[in-house]
Amino acid sequence: MKEKLTAANDHLLSATQLSALGLHYDPFITPNDASLLYNDSQQEMTTNIILKSLANDAKAILLIAEPGAGKTTFLRKILHMTYPDVEQCACRITAGHTFQEISSKIKRKWSLSDGEQAHVELSIENHVICYLQKHPKLLLLIDDADQLDLASLAQLLQLKHRIEQTHPYALGLLMTGDHNLKLEIIRLEQANPSCSANYQINIRPLNREQTHRYIKFRLSNASSGENQSAEGLLDNAALDAVYQVSQGNFAKIHVSTIKALSQLERRQITTQRRKSTRLTSITIIGLIMTLVLLMYYLAIQLG
């Protein structure tokens, strides 16, 4: 296994299935190793544009996509590929999360020395400005920002705006969410122009060819040393079936492919058991024939 890995979803293959398929680990677990993150030429172009806008221009960017379309995976790529002089703070938002909790995470991640804080509890704005004095390039990543309530989302955008007034090109902000996030920011911007984002990027589902390449890539990376052809476990017909069900949505690709692999594993085991049954029958018949011939031989000798 190349890196410590965590489960991407609940649709996982058992150890027995993995072994039967010649896989070292489940092909659709979430990898921490950047080399296991799938990327093609189209996605790479988008990633590079986002990186430049965040690192050099400190823009506020929205990544918009339907659930399961790869927003978090895209965010993980940014985390792995960000320029070395940019310090990151990433927050995964769940229902009920508030701006206060984001502020606490920022203060822990970008902590100040006791002398810098002067034993005074700084506001989040002054804390970040203080940190920028020694760390001039910062990137704040907010995953599932659509889970924030409207007030917390407004506070987050206003924080970005206020810091930009005194330290331009210093704090990049990348938020992911579904289409509701876009609508909420439009509402906020109408009431307060400081609550705005510079760019919106829509993450599109994979097309048929990308889906094929993605599945083969993950199967190849999951294969054990003894099975270098794991990417060929599913033929084009099976891959097409996965695409028809998933329509290029990453989460649906994972579920559909694991189902296809599970069915493939059951067929392999069934075939093996049938072979074993035939071998057992042949062995028994052979023993009986040997016994009959032995008895015939003894009868002749004694007669």
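Preceding this paragraph is the structure being described.
Residues numbered from 1 in each chain as written. Predicted model: local features only at pLDDT ≥ 70, side-chain atom pairs only at ≥ 80, totals over all residues. Heavy atoms only, no water.

A. Expanded view of the sheet that holds strand S6 (residues 171–177). Spatially, the five strands line up as an open sheet ordered S4-S5-S6-S3-S7, and their pairing is parallel. One side of each edge strand has no neighbouring strand; the edge strands of this open sheet are strand S4 (87–92) and strand S7 (199–202). Strand after strand, the sheet turns through a mean of 15° between neighbouring axes, direction not considered. As paired elements, strand S5 (residues 138–143) and S6 share five bridges and run parallel to each other. The residue bridging isoleucine 142 from the neighbouring strand is methionine 175, located in S6. On the sheet, helix H3 (residues 71–81) packs against strand S3 (60–64), S4, S5 and S6 and is oriented at approximately 165° with respect to S5. (Pairing = 2+ DSSP bridges. Helix = DSSP H or I, 4+ residues; strand = E, 2+ residues; numbered from the N terminus. Axes fitted to C-alpha atoms, helices over the stretch in contact; angles between N-to-C directions. Contact = heavy atoms within 4.5 Å.)

B. Broad picture of helix H6 (residues 124–132). Most of H6 sits out of view: seven of its nine residues are buried. Among the residues of H6, those classed as buried are Ile124, His127, Val128, Ile129, Cys130, Tyr131 and Leu132. (Buried < 20%, exposed > 50% of the residue type's maximum accessible area, 1.4 Å probe, protein only.)

C. Highlighting the layout of surface pockets. Each pocket or cavity is described by its volume, and for the second largest pocket that value is around 180 Å³. If you go around the second largest pocket, you meet 13 residues; those closest to its centre are Leu234, Ala238, Ala241, Ala260 and Gln263. Counting residues per element, the ones that place at least two in the lining of the second largest pocket are helix H10 (236–246) and helix H11 (250–302). It is H11 that contributes the most residues to the lining of the second largest pocket, six residues altogether. Of the residues in the lining of the second largest pocket, the class split is eight nonpolar, two polar and three charged. (1 Å grid on protein atoms, 1.4 Å probe; cavity = no way out; pocket = protein on both sides within 12 Å on 5 of 7 lines; lining within 4 Å. Points joined across faces, edges and corners; volume = space filled by probe spheres on them. Nonpolar A, V, L, I, M, F, W, Y, C, P; charged D, E, K, R; others polar.)

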